[in-house]
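Examining the three-dimensional arrangement
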Amino acid sequence: MRMSRSFVPTLKEVPADATVASHQLLVRAGFIRQLAAGIYSVLPLAQRSLLKITDVVREEMNAIGGQEFYLPALNPREVWEESGRWSVMGENMFRLKDRKGADLCLAMTHEEVFTVLARAELRSYRQLPQTWYQIQTKFRDEPRPKSGLLRVRQFTMKDSYSFDKDNAGLDTAFESHRQAYAKIFGRCGLKTIQVDAHSGAMGGSGSTEFMVPTDAGEDLIASCESCAYAANTEKAESKVETPNTYAESGGTAALQKFATPGVTTIEALSKPPHGVKADQQLKTLIYMADEKPVIAIVRGDDQLNEAKLQTASGAQILRPAHAEEILKLLGAKPGSLGGVGLGEKKFPLFIDARLAGLSGLVTGANEDGFHLQHVSVPRDLAYAVSRDLRMVNAGEGCPKCGKPLVVGKALEVGHIFKLGTRYSETMGARVLDEAGREQPIVMGSYGIGVERILAAAIELHHDQDGCKWPMSIAPFHIALLPLQMQDALVREAAEKLYLELTKAGVEVLLDDRDERAGVKFKDADLIGIPVRIAVGKKGLAEGKIEWKLRGSKDFELVTLADVVARAQQAVRDGGGKLARA
RNA sequence: CGGGGCGUAGCGCAGCCUGGUAGCGCGCCUGCCUUGGGCGCAGGAGGUCGGAGGUUCGAAUCCUCUCGCCCCGACCA
């Protein structure tokens, strides 16, 4: 491609509204432009890289027997009603009506439509297993789009679905996806770690996320550096010592109400005149699980993990209760709540597992301005269900080996789910087994965010001057810079190289603009093309060009006759592919 | 949704408090000059000041409403 005739709008200055590196550089280097919040136009450079990413994805999906589909993004309400997700998806789903007034939505994912196909056409276990996938546009009305391409409302997803006759088959499909994903991300230049994750609105029995560790990410993952344990903090567990410290100081004493006027926070209660340490307090939180109240109790100095409460309660939609709802249910305002004496109210009540057996604790009395002391969990909260509900903290013991856990930010680029029969049962996708009995198909679903790979690659590979693309997904393999366009010899040499390289399958961006050398260097660095070939008067006099890798400080003089072979080798060595000439 | 911030030329910003002339840098166009890390000089084009309403002789500036965008907290590829 010739720079002089290309649409590559680079910027000298950092766009004011971009905060993360990938966003700043994608805009500055002319890869994307914003149309609206969370909606971006993909410009030619980005499109080239995205096509390379999807090529990698296709190769690896096909390698595990995936068959490529292309399903509609525009879906009728009915199929989403069947799975129950028309309501579960809530405001996150874009909805619209057709001219007849029928409800439609823009699909956020495609379990429903693929399940419709499966139930209509799959009759026998002999047709299984099947692996179906597509690379398609997804729409999600995110509450808060942010960080350029990292969190958007319209994006490209590779989503695949496995259909098996039993759990053993699902395990196999899940494992082959795991390996395919590891290859895909590796080939795209990403280092990922696999973590146990919460399944969220997808449902199903288990899931693994592929995470790129970077501060630009929004997830927190806990990992152990001495064993293989890694989990999203939504799900992570830890070993924490919880001695029954307060039992000795009157743990068996009778419950006692005491006045705490104006005290509505853990912190306030921990200060004089009360001086109740946070780890002696019970934090009582009221949630609405599918619009029915549930109560969660964690230690005062712990944080409730909402994902864990969602799992414990079995709720599809979980939200904190509003203040009015709480007042109605418990007769007190937040800040004075407690679980003691609620046994007969029959609310589902969960208590964090680390509190089991403890006594000598303090909790709200469900009466504004009062708390209870000498609370004994076995005596006063016997009806509460004990579950792991707390958020892990860095430094706590790894649940596997006990060594301290590390907590760090990461970006989710892929997520694989064992769905089981969650969709086949609700939507009636069954096949006959060997004995002629109808059995629900056992499903898995697997997603990759394509644009996120692009952005993650920049987060991982960039410097002060710009992007540093891995060869495999770089928009071009080589930037060819004639340094003095007014010099006919330089121009001709560059043109000749451009033809030879292109013919050899090397993708070259020829900067044939009538610009000064500095401008070309800056743009080549900013765009981040892996190899730069500078053709200048000085080198040419000796029949040589300057060969420089984007990352390195120095260049090397290479004889003109050697350039093509060297370029082809560099493309292959970098994991890139030569274009079909 | 809750909290905070910002909308003035393609980009980055000043002007607003204290109403009256819309300005700077980059980019863009023309010419000359220069030519190995975003050259220099000269000339030039380009703006419904996000939108609507109000106050006023007069509004980018004051008031009301509204739309949009960004950031921080609850969701997900």
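Residues numbered from 1 in each chain as written. Chains lettered and ligands numbered in written order. Predicted model: local features only at pLDDT ≥ 70, side-chain atom pairs only at ≥ 80, totals over all residues. Heavy atoms only, no water.

**Focus: the overall build of chain A**
Applied cut-off: Comment: elements are numbered from the N terminus, with helices defined as DSSP H or I runs of at least four residues and strands as E runs of at least two. The classification of residues rests on relative accessible area computed with a 1.4 Å probe and restricted to protein chains. Under 20% of the type maximum is buried, over 50% is exposed, and intermediate values are partly exposed. In this analysis, two residues are considered to be in contact whenever any of their non-hydrogen atoms come within 4.5 Å of each other. All accessible areas in this document rest on Shrake-Rupley with a 1.4 Å probe, and a residue is counted as covered only by the protein chains that are shown. The charged-residue count follows a simple rule in which Lys and Arg add positive charge and Asp and Glu add negative charge, with His and chain termini not counted at all. Here the site of a charge means NZ on Lys, CZ on Arg, CG on Asp, or CD on Glu.
The secondary structure content of chain A amounts to 16 helices and 31 strands. C-alpha extents for chain A along the principal axes are approximately 95 × 65 × 50 Å. Looking at chain A as a whole, 52% of its 581 residues are labelled buried. Contacts spanning at least 24 positions in sequence make up 69% of the contacts within chain A whose residues lie at least 6 apart. Total accessible area on chain A stands at roughly 26300 Å², and carbon and sulfur atoms take up 52% of it. A gap of 2 Å separates the mean positions of the 74 positive and 74 negative side-chain charges of chain A.

**Quick word on the nonpolar core**
So the rule is basically this: Nonpolar cores are built from buried Ala, Val, Leu, Ile, Met, Phe, Trp, Tyr and Cys residues. Side-chain atoms within 4.5 Å join them into one set. Note that domain bounds follow an automatic or database assignment of domains.
In this structure, F31, I53, Y181, F185 and W469 are the most contacted members of the largest nonpolar core, which totals 62 residues. Of the domains in this structure, domain 1 (3-236 + 406-459) and domain 3 (476-573) are the two that each give at least three residues to this core. Among all residues touching F31, those that are not within four sequence positions of it are L26, S41, V42, L43, L45, A46, S49, W469, P475 and I527.

**Focus on the domain arrangement of chain A**
Rule in force here: Once two parts are put together, the accessible area they lose, assessed with a 1.4 Å probe and summed over both, is termed the buried area. A pair is scored as a salt bridge if a Lys or Arg side-chain nitrogen falls within 4 Å of a carboxyl oxygen belonging to Asp or Glu. The definition of a polar contact used here is a pair of N or O atoms within 3.5 Å, where within protein one atom must be able to donate a hydrogen and the other to accept one, and adjacent residues in sequence count solely through side-chain atom pairs.
Its domain assignment divides chain A into domain 1 (3-236 + 406-459), domain 2 (249-387) and domain 3 (476-573). Placing the centre of domain 1 and that of domain 3 at their C-alpha centroids yields a distance of 38 Å. Facing 12 residues of domain 1, the contacting portion of domain 3 comprises 11 residues. For the pair domain 1 and domain 3, the two sides together bury roughly 1000 Å², of which 65% comes from carbon and sulfur. Seen at the junction of domain 1 and domain 3, the total is 2 salt bridges. Salt-bridge contacts for R48 lead to E507; the nearest nitrogen and oxygen are separated by 3.1 Å. One can count 6 residue pairs in polar contact (both at pLDDT 80 or more) joining domain 1 with domain 3.

**Some thoughts on the pairing of strand β15 (residues 292-299)**
Spelled out, the test is: The rule for pairing is simple: two strands pair if DSSP sees at least two bridges between them.
β15 sits mainly inside the fold: 7 of its 8 residues count as buried. Linkage of strand β14 (residues 282-289) to β15, two consecutive antiparallel strands, is achieved through a turn of 2 residues, within which D290 is found at a positive phi near 50°. Judged from the 3 bridges that link them, β15 and strand β17 (residues 349-352) form a sheet pairing that is parallel. What sits directly across from I295, in β17, is L349.

**Quick notes on the packing of aromatic side chains**
Here the distance between the centres and the angle between the planes together describe a pair of aromatic rings. Formally: Each Phe, Tyr or Trp ring (for Trp, its six-membered ring) is paired with any other whose centre lies within 6.5 Å, and the angle between the two planes then decides the class: stacked below 30 degrees, edge-to-face above 60, tilted in between.
According to the stated counting rule, one finds 10 aromatic pairs in the structure shown. Measuring from ring centre to ring centre gives 6.4 Å for F174 and Y446, while their planes differ by 50°; the resulting arrangement is tilted. Within this pair, whereas F174 is found in helix α6 (residues 167-187), its partner Y446 is found in strand β24 (residues 442-449), the two being separated by 272 residues in sequence. Pair check on accessibility: F174 and Y446 agree, each one buried.

**Here's the deal with the sheet that holds strand β19 (residues 370-376)**
Here is the rule we go by: Angles shown run from 0 to 180 degrees and are taken between the N-to-C directions of axes, each axis being a line fitted to C-alpha atoms and, for helices, limited to the stretch in contact.
The strand order across the open sheet formed by 3 strands is β13-β19-β18, and the pairing between neighbours is antiparallel. A strand with exactly one partner marks an edge of an open sheet, and here the two such strands are β13 (256-259) and β18 (359-364). For this sheet, the mean inter-axis angle between neighbouring strands, taken without regard to orientation, is 30°. In this sheet, β19 lies alongside β13 in antiparallel orientation, the contact comprising 4 bridges. By the bridge assignment for β19, Q256 is matched with Q373.

**A closer look at the protein's contact with RNA strand B**
Rules: Each residue is tested against the molecule or strand, and it is near if at least one of its non-hydrogen atoms lies within 4 Å.
By nearness alone, 47 residues border RNA strand B, and R140, R144, R151, D525 and E546 come closest of all. Protein-adjacent atoms of RNA strand B, using a 4 Å cutoff, are sugar or phosphate at a proportion of 47%. At a separation of 3.2 Å, a base oxygen of RNA strand B approaches a polar side-chain atom of R28. Note that a phosphate oxygen of RNA strand B is positioned 3.4 Å from one of the side-chain N or O atoms of K146. Listed by contribution, the elements that provide at least two residues to the surface near RNA strand B are β1 (32-36), β8 (154-164), β21 (405-420) and α14 (517-527). At 7 residues, the largest contribution of residues to the surface near RNA strand B is made by α14.

**Re the packing of helix α13 (residues 488-503) against helix α16 (residues 563-573)**
Quick reminder of the rule: When an angle is under 35 degrees it counts as roughly parallel; over 145 it counts as roughly antiparallel; between 65 and 115 it counts as roughly perpendicular; any other value is oblique. By convention the crossing between two helices is left-handed if the near helix lies anticlockwise of the far one by an angle smaller than a right angle, and right-handed if it lies clockwise. Under the scheme applied, nonpolar residues are Ala, Val, Leu, Ile, Met, Phe, Trp, Tyr, Cys and Pro; charged residues are Asp, Glu, Lys and Arg; polar residues are all the others, including Gly.
Relative to each other, α13 and α16 sit at 45°, their axes nearing to 10 Å. With respect to each other, α13 and α16 are oriented oblique. Here α13 runs over α16; the crossing is right-handed. Where α13 approaches α16, its residues L497, E500 and L501 are matched on the opposing element by V563, V564 and A567. Residue composition of the contact of α13 with α16, grouped by class: 5 nonpolar, no polar and 1 charged.

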